[in-house]
Amino acid sequence: MKIRHRVAFKDCLKQIHTLQDGTIDLIVTDPPYGQDYSTGRRQQTMRSTTRIANDDGTLDIGKLLWEFDRVTAPHSHCYIFTSWKTVDEWKREFERFFVLKNILIWSKDNHTAGDLHWSYAQSYEMILFGMKGRKKLKGTRDRDSVYIPKIKSHKQVHLLQKPERLIEYLITKSTGPNEVVLDPFAGSGTVGACCARLLRNSIQFEIDLRYERPLLARLRAAIGASEIEQEIEVQ
Ligand SMILES: C[S@@+](CC[C@H](N)C(=O)[O-])C[C@H]1O[C@@H](n2cnc3c(N)ncnc32)[C@H](O)[C@@H]1O
C-alpha cells in the first residue's frame, strides 16, 4: 500500500475539474463561511490574523456542490462545516446532490464575543453530513453532537484551524485505509495531516499561499511519524 497526497495551491473551483468522475470516497471540508471573519475584536486579538479568501459570500456554492457530486464515488460521504448564519444556502445546494443525513454539532469550549448584551454567545459549529448511494458509518452508533475543545490560539497557524481530533473522528467514521479524501478548502492542512496519520490518500486545494509552508510542514511531519511509505505531489 502506497499512500499519496496531492496538494494544489490554487482556486479549487478552477482545479476541481482535474479530478476524475467518481474517484473521491469522502469530502471533509471547511469552506469560508461567507461572513468575513477578519473583523472587529478578532482583528485585534488574533496573532496570525489574516483575511480569509472568499469569505465575502461570493463563493459559487451551486457550482461547488455540482462538482462534489461529480467527483464523489457512487457510495460516499460528505461533511461540510457551516454556521447557522449561512446554513440555509449550503443546505439547499447540498440537498440537490446528497442525501442530508444529519447536521452535526461541534460544540467547543470557547465562544464568540459578538454583542455582549443582545445575543447568546455562540459556542458551536454545524457540519452538514450527507451520503451518496449507500455507505455505512463505521463503529458504534454515535450521537449527532460532539464536544471537542478548540485549538488554543497560541498553537494555531490558521485563524479557523479545526482540531485534528475532530477531523480524525469524521475520517475514521466514513473511510477505511487507502481510501481517497478531498478537502478543497484546506487552510493549514488539517485534513491532509489527519489522512497521513490514518493512512488515507488526500487531495487538498488552498488558494492562499500564506498557508503553503504550514500545510506542507504538517503533512511532512505526519508522514514522518508513520511507518508506511507515503508521497506528496505539490502543484
Ligand atoms: C475555514 S478555512 C479552512 C481551515 C482548515 N479547516 C484548517 O483546519 O486549517 C477556509 C480556507 O479556504 C480557503 N479558500 C477560500 N476560497 C478558496 C478557493 N476558491 N479555493 C481554495 N481555497 C479557498 C481560504 O484561504 C481558507 O484558508
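Residues numbered from 1 in each chain as written. Predicted model: local features only at pLDDT ≥ 70, side-chain atom pairs only at ≥ 80, totals over all residues. Heavy atoms only, no water.

S.K.: Quick one: what's the story with the site of the ligand, residue by residue and with numbers?
M.R.: Taken together, the neighbourhood of the ligand is formed by 23 residues, with Cys12, His158, Ser188, Thr190 and Glu206 sitting nearest. Note that an oxygen atom of the ligand is positioned 2.6 Å from one of the side-chain N or O atoms of Ser188. Between an oxygen atom of the ligand and a side-chain N or O atom of Thr190, the distance comes to 2.6 Å. Summarising the interface, the protein chains cover 99% of the accessible area of the ligand, which totals 600 Å² for the free molecule. (Near = heavy atom within 4 Å. Polar contact = N/O pair within 3.5 Å; in protein donor to acceptor, adjacent residues only side chain to side chain. Areas by Shrake-Rupley, 256 points an atom, 1.4 Å probe, with all protein chains shown as cover.)

S.K.: Describe the pattern of salt bridges, naming the residues involved and giving the relevant values.
M.R.: As enumerated under the stated definition, the model contains 18 salt bridges in all. Residues Glu231 and Arg4 are paired through a salt bridge, measuring 2.9 Å at the closest nitrogen-oxygen approach. Note that Glu231 is positioned in strand β9 (residues 230-234) and Arg4 in strand β1 (residues 3-8), a separation of 227 residues in sequence. When its relative accessible area of 30% is taken as the criterion, Glu231 is described as partly exposed. The exposure class of Arg4 is partly exposed, given its relative accessible area of 45%. Among the salt bridges present, the one from Lys108 reaches Glu125, with a minimum N-O distance of 2.5 Å. With Lys108 in the loop between β4 (99-107) and β5 (124-132) and Glu125 in strand β5, this pair connects stretches of sequence that are 17 residues apart. (Salt bridge = Lys/Arg side-chain N within 4 Å of Asp/Glu carboxyl O. Helix = DSSP H or I, 4+ residues; strand = E, 2+ residues; numbered from the N terminus. Buried < 20%, exposed > 50% of the residue type's maximum accessible area, 1.4 Å probe, protein only.)

S.K.: So what's going on with the sheet that holds strand β6 (residues 145-147)? Residues and values would help.
M.R.: Hydrogen bonds along the backbone pair up the strands of a sheet, which may run parallel or antiparallel. Strand order in the open sheet made by the nine strands is β6-β4-β5-β3-β2-β7-β8-β1-β9, with mixed pairing throughout. One side of each edge strand has no neighbouring strand; the edge strands of this open sheet are β6 and β9. Adjacent strand axes in the sheet meet at a mean angle of 15 degrees when their direction is disregarded. Direction of pairing for β4 relative to β6: parallel, over a ladder of three bridges. Bridge pairing in β6 places Ser107 opposite Tyr147. (Pairing = 2+ DSSP bridges. Axes fitted to C-alpha atoms, helices over the stretch in contact; angles between N-to-C directions.)

S.K.: Give me helix α5 (residues 164-174): which residues, what numbers.
M.R.: Among the residues making up α5, those that are buried are Leu166, Ile167, Leu170, Ile171, Lys173 and Ser174. Taken end-on, α5 shows its buried residues confined to a sector of 165 degrees, consistent with a single buried face. (Arc of directions from axis to C-beta.)

S.K.: Before we move on, can you summarise unusual backbone geometry with the specific residues and values?
M.R.: One non-glycine residue, Asn178, adopts positive backbone phi at about 75 degrees. Along the chain, the position of Asn178 falls in the loop between α5 and β7 (180-183). Owing to a relative accessible area of 37%, Asn178 belongs among the partly exposed residues under this scheme. Look at Leu199: it is not a glycine, yet its phi comes out positive at around 60 degrees. Structurally, Leu199 is set in the loop between α6 (190-198) and β8 (201-205).

S.K.: Would you mind going over the packing of aromatic side chains in detail, with residue names and values included?
M.R.: Within the structure shown, the criterion is met by two aromatic pairs. Centroid distance Tyr79 to Phe129: 4.8 Å. Interplanar angle 25 degrees. Geometry classified as stacked. With Tyr79 in strand β3 (residues 72-82) and Phe129 in strand β5, this pair connects stretches of sequence that are 50 residues apart. Overall, the relative accessible area of 2% leaves Tyr79 in the buried class. Between the NZ or CZ atom of Lys162 and the centre of the ring of Phe81, over which it lies, the distance is 5.6 Å. (Phe/Tyr/Trp six-rings, centres within 6.5 Å; stacked < 30°, edge-to-face > 60°. Lys NZ or Arg CZ within 6 Å of the ring centre and 35° of its normal.)

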